[in-house]
Amino acid sequence: ALLGSFSNLLGEVDEAGVATLTLNRPKQLNALNSELMGELVAACQYLDRKHPSARVIIVTGSGSKAFAAGADIKEMSSVTYSEAYNKGLLDGWETLRTIRKPIIAAVNGFALGGGCELAMLADIIIAADSASFGQPEINLGVLPGMGGTQRLTRAVGKSRAMELVLTGDRLSAAEAVSLGLASRAVPAAELMETTQKLARRIAAASLPVAAKAKECVNQAYEMTLAEGVRFEKREFWSCFALADQKEGMAAFIEKRTPVFGDS
Ligand code: CAA
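Report follows, based on the coordinates. Predicted model, so just to flag it, every value in this text is computed and none were measured. (Residues numbered from 1 in each chain as written. Predicted model: local features only at pLDDT ≥ 70, side-chain atom pairs only at ≥ 80, totals over all residues. Heavy atoms only, no water.)

## Quick notes on unusual backbone geometry
Here is step 1: In this structure, Lys-255 is a non-glycine residue whose phi angle is positive, near 55°.
Here is step 2: Mapped onto the elements, Lys-255 comes out in the segment after α11 (243-253).
Here is step 3: Looking at Lys-255, the relative accessible area reads 77%, which means it is exposed.
Here is step 4: At Asp-262, a position not held by glycine, the phi torsion is positive, near 65°.
Here is step 5: For Asp-262, the position within the fold is in the segment after α11.
Here is step 6: Residue classification places Asp-262 among the partly exposed residues on the basis of a relative accessible area of 28%. (Helix = DSSP H or I, 4+ residues; strand = E, 2+ residues; numbered from the N terminus. Buried < 20%, exposed > 50% of the residue type's maximum accessible area, 1.4 Å probe, protein only.)

Here you go:
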């Protein structure tokens, strides 16, 4: 079913609970203006907490050329420091960190600047073989402002991140996979099918367990190993409060497919 009416976004949710949000400014290569940011964040919050059946969120770009070519340069070009500071330019994107359902970025072309950073805000990146990733902000007289200096460094290591951020050079899809930035690269024509297949597998899991597992993996970015392992242990133990743990283990023992009730 279609999801609301947006100016810069297409949204739908299928029978399996897979929501697809398509950045829809193809003429501007899906440049991320503030209206699009507001719509994407609101759509994700709605899908996460209020939608009756959404279980996994896919974010992709419309057209064959770009996932997103970055924050909207035309919108930003005349912004003053005081406006950027007082309005918190681009800080709305961090709201995506509060989304509990898994988010998959299906990167169908350029993922540059804020586009690369949006992909890295997702939990899994699947790249079309035609995709390219980069942080070209240095060429615009700015630096990555949607988490790129932090998330790219954690994804590919300091030396490579530094080189990318200081030169603005791009990575191919194959390089992104070999560095661990993306999970896999697939032929462009198969991108959505592959991503949907993966999303449907994740959608079959118990929703609270998937959300807990996502939260635990993300804690690896936030905590020391000892704290992270303690966090994980508590979440692991908490699974035993769920009927889904009983169902999952009973189904294994009885050699059948589990039917999770999300409780
Ligand atoms: N903002 C606004 N408009 C953009 C845009 C962006 N980030 N990227 C592309 N567009 C627009 C172009 O201005 C052009 O519009 P017009 O037809 O009205 O001129 C249209 O999209 C098509 O783009 P091109 O003609 O440039 O297409 P191309 O095939 O020649 O080049 C490209 C493709 C290499 C991706 C090139 O568009 C490009 O370099 N884009 C900018 C990439 C960039 O610097 N991104 C970082 C933005 S800053 C940022 O993101 C800050 C942050 O950290 C959050």
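Past the structure itself, the notes keep going.
## Digging into the pairing of strand β2 (residues 18-23)
Here is step 1: Summarising burial for β2: six of the six residues are buried, a large majority.
Here is step 2: Alternating positions in β2 separate into two faces, Val-18, Thr-20 and Thr-22 on one and Ala-19, Leu-21 and Leu-23 on the other, with burial throughout.
Here is step 3: Note: strand β1 (residues 9-13) against β2, five bridges, orientation antiparallel. Paired with Leu-10 across the strands is Thr-22, a residue of β2.
Here is step 4: Between β1 and β2, which pair antiparallel and follow one another directly, the connecting turn spans four residues, one of which, Gly-17, has a positive phi of 90°.
Here is step 5: Looking at chain direction, β2 and strand β3 (residues 56-61) are connected through six bridges and run parallel. Paired with Thr-20 across the strands is Ile-58, a residue of β3.
Here is step 6: Regarding the hand of the β-α-β motif, the stretch spanning β2, helix α1 (residues 34-49) and β3 is right-handed. (Pairing = 2+ DSSP bridges. Right-handed = clockwise from strand over helix to strand, strands pointing away.)

## Examining the packing of aromatic side chains
Here is step 1: Summed over all chains, the structure comprises two aromatic pairs.
Here is step 2: When the ring of Tyr-81 is compared with that of Tyr-85, the centres are 5.9 Å apart and the planes differ by 40°; the resulting orientation is tilted. Here the residue Tyr-81 and the residue Tyr-85 both occupy positions in helix α3 (residues 81-87), the gap between them amounting to four residues, near one helical turn. As far as the burial class goes, Tyr-81 and Tyr-85 line up, both exposed.
Here is step 3: Measuring from centroid to centroid gives 5.4 Å for Phe-236 and Phe-240, while their planes differ by 85°, and the two rings are edge-to-face.
Here is step 4: Looking at Phe-240, the relative accessible area reads 38%, which means it is partly exposed. (Phe/Tyr/Trp six-rings, centres within 6.5 Å; stacked < 30°, edge-to-face > 60°.)

Remember that the coordinates give geometry; whether it matters functionally is a separate question.
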